[in-house]
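Survey of secondary and tertiary structure
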Amino acid sequence: MEQPPRKKRPPWKAIIIALGIVIALGGAAFGYFVFKANETAENTNDELNRGDKSDRRDDTVDLTKDHFSVLLAGVDGGASLEEGRTDSLMVATFNKESRQVTLVSIPRDAYVDIVTTDGEFKDKINHAYSYGGIDTTIATVENLFDIPIDYYATINFDGIEDLVDAVGGVEVDVLIPISGRATGNVELEPGVQTLNGKEALAYARMRKDDPEGDVGRAKRQQQVLEAIINEATTINSFTKLNRIMNAVGNNIRTNMSLAEASQLQPYTKSLRSFNQETLAGDDLTIGGVYYYEIDEADLADKQALLKTELGLPVTAGTDSDTEEESDDDGLSETTTY
């Protein structure tokens, strides 16, 4: 299905780094980021076909007042962000009152309704990107969780290697041994250690030898994500910052402007200790093809969690007891007791 050409924002409307690095920059470092962003923004194809707001919103969100969501997508497309499939999908919510960041991972083989402009059909969620790019992926995730996705950030999965090397390596508590040709001959034993880019990528991507499968890989990807953020929040070297910006410009696309990114400073501390969740489910085989069948009760719980963090009404029948109250952003505020 042919997609209409995306619009490019002018060069001064620069990118936010998908993994939270830009959020952590302040003072002189942030000023230098602006300078570097201007150099890299022309390579960022960031507009969505739908425009600047979700169809599930009455108004465009205001980051100074509203709760909002971001879809983080790791794309396994080789050298291109325009092709391939999403090897990793995470929904992050940012709560303006608690400053809490909640991250829910979606297993790549999750059997879901793919939402396209031509209709819906069942398939693995990571195929959504190949059917219609980030727009179809966002529509599918919105349908899955029954929430608006306000922003997105895609990263070429191989770019994680560049990002980790740019921050000088990351400290990770390796949970399982890593080895073999499928990992690029990377050899890792369990325990706390500093990983370089190649090692971090292999640790985040390995799936077949993990006894927990997709769920285990999601946990490891969240570990690497958190480790990158932890390193980025302590950056005091312009040399490292320059390397990070080069890695960002080459590997990341987003619809968040630099002006919007500057409103995210209050979430810096939360990015070091965000709430991490993964959709539970079971193995499913249809016609000899493996899928991940999401547990409906757990999906309802995750929907309730994300809606609560976004100040949206939670549908009756979940485990959460909620009370709705009016909120200034025109949405129904949900308070959990």
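Definitions and cut-offs
Residues numbered from 1 in each chain as written. Predicted model: local features only at pLDDT ≥ 70, side-chain atom pairs only at ≥ 80, totals over all residues. Heavy atoms only, no water. Axes fitted to C-alpha atoms, helices over the stretch in contact; angles between N-to-C directions. Helix = DSSP H or I, 4+ residues; strand = E, 2+ residues; numbered from the N terminus. Parallel < 35°, antiparallel > 145°, perpendicular 65-115°, else oblique. Left-handed = near helix turned anticlockwise from the far one by under 90°. Contact = heavy atoms within 4.5 Å. Nonpolar A, V, L, I, M, F, W, Y, C, P; charged D, E, K, R; others polar. Buried < 20%, exposed > 50% of the residue type's maximum accessible area, 1.4 Å probe, protein only. Expected span 1.5 Å × (residues − 1). Bend = angle between axes of the 7 residues up to and from the residue. Phe/Tyr/Trp six-rings, centres within 6.5 Å; stacked < 30°, edge-to-face > 60°. Salt bridge = Lys/Arg side-chain N within 4 Å of Asp/Glu carboxyl O. Pairing = 2+ DSSP bridges. Core = buried A, V, L, I, M, F, W, Y, C linked by side-chain atoms within 4.5 Å.

**Quick look at the packing of helix H3 (residues 159-166) against helix H4 (residues 197-205)**
Where H3 contacts H4, the two axes come as close as 7 Å, and the packing angle between them is 135°. Taken together, H3 and H4 sit at an angle that is classed as oblique. Where H3 crosses over H4, the handedness of that crossing is right-handed. Mapping the contact onto sequence places Ile 160, Glu 161, Val 164 and Asp 165 in H3 and Gly 197, Lys 198, Ala 200 and Leu 201 in H4. Of the residues in the contact of H3 with H4, the class split is 4 nonpolar, 1 polar and 3 charged.

**A look at unusual backbone geometry**
The phi dihedral of Arg 99 is positive, around 60°, even though this residue is not glycine. Summarising the element assignment, Arg 99 is placed in the loop between strand S2 (85-94) and strand S3 (101-106). Owing to a relative accessible area of 30%, Arg 99 belongs among the partly exposed residues under this scheme. The backbone of Asp 146 sits at a positive phi, close to 60°, despite the residue not being glycine. Given the relative accessible area of 36%, Asp 146 is considered partly exposed.

**Section: helix H2 (residues 128-145)**
The end-to-end C-alpha distance of H2, which contains 18 residues, comes to just 15 Å, noticeably less than the 26 Å that a straight helix rising 1.5 Å per residue would cover. For H2, the principal kink sits at Ile 134 and spans about 105°. With respect to burial, H2 is a largely interior element, 14 of its 18 residues being buried.

**Regarding the packing of aromatic side chains**
What characterises a pair of aromatic rings is the spacing of the ring centres plus the angle enclosed by the ring planes. Within this structure, the stated rule accounts for 6 aromatic pairs. Where Phe 94 meets Tyr 267, the ring centres are 5.1 Å apart and the plane angle is 90°; that geometry is what we call edge-to-face. With Phe 94 in strand S2 and Tyr 267 in the loop between helix H7 (258-261) and strand S10 (275-278), this pair connects stretches of sequence that are 173 residues apart. The exposure class of Phe 94 is buried, given its relative accessible area of 6%. When its relative accessible area of 0% is taken as the criterion, Tyr 267 is described as buried.

**Considering the pattern of salt bridges**
Enumeration according to the criterion identifies 11 salt bridges in this entry. When the shortest N-O distance is used, the salt bridge between Arg 56 and Asp 146 registers 2.8 Å. Of the two residues, Arg 56 sits in the loop between helix H1 (27-40) and strand S1 (68-76) while Asp 146 sits in the loop between H2 and strand S6 (151-156), which places them 90 residues apart along the sequence. Where salt bridges share partners, they join Arg 56, Asp 146 and Lys 307 into one cluster.

**What to know about the environment of Glu 189**
Take Glu 189: it is sitting in the loop between strand S7 (170-174) and strand S8 (191-195). Accessibility expressed as a relative area gives 54% for Glu 189, which makes it exposed. The spatial distance from the C-alpha of Glu 189 to the C-alpha of Ser 179 is 8.8 Å, given a sequence separation of 10 residues. Excluding residues within four positions of it along the chain, Glu 189 makes contact with Val 174 and Pro 177.

**Some words on the sheet that holds S2**
Strand order in the open sheet made by the 6 strands is S9-S6-S1-S2-S3-S10, with mixed pairing throughout. Looking at strand neighbours, the two that pair on one side only are strand S9 (252-254) and S10, the edges of this open sheet. Taking the axes of each pair of neighbouring strands and ignoring which way they run, one obtains an average angle of 20° across the sheet. As paired elements, S2 and S3 share 6 bridges and run antiparallel to each other. Across the sheet, Ala 92 pairs through a bridge with Leu 103, a residue of S3. Against the sheet, H3 touches S6 and S9, its axis set at about 90° to S6.

**Notes on the nonpolar core**
Among the nonpolar cores identified, the biggest contains 30 residues, and Leu 71, Val 91, Ile 106, Val 141, Leu 144 and Phe 145 are the most heavily contacted of them. Taken together, the elements giving at least two residues each to this core come down to S1, S2, S3, strand S4 (111-116), H2, strand S12 (289-294) and helix H8 (296-309). A total of 7 residues in this core trace back to one element, the largest contributor, which is H2. Setting aside its immediate chain neighbours within four residues, Leu 144 contacts Ile 106, Val 112, Ile 125, Leu 279, Ile 294, Leu 299 and Gln 303.

**As for the pairing of S12**
Strand direction decides the pairing type here: strand S11 (residues 281-286) and S12, joined by 6 bridges, are antiparallel. The partner of Asp 282 across the bridge, within S12, is Glu 293.

**Digging into the environment of Thr 60**
Mapped onto the secondary structure, Thr 60 falls in the loop between H1 and S1. Separated by 90 residues in the primary sequence, Thr 60 and Asp 150 have C-alpha atoms spaced 8.3 Å apart. With residues up to four places along the chain from it excluded, the contact list for Thr 60 reads Asp 52, Lys 53 and Asp 66.

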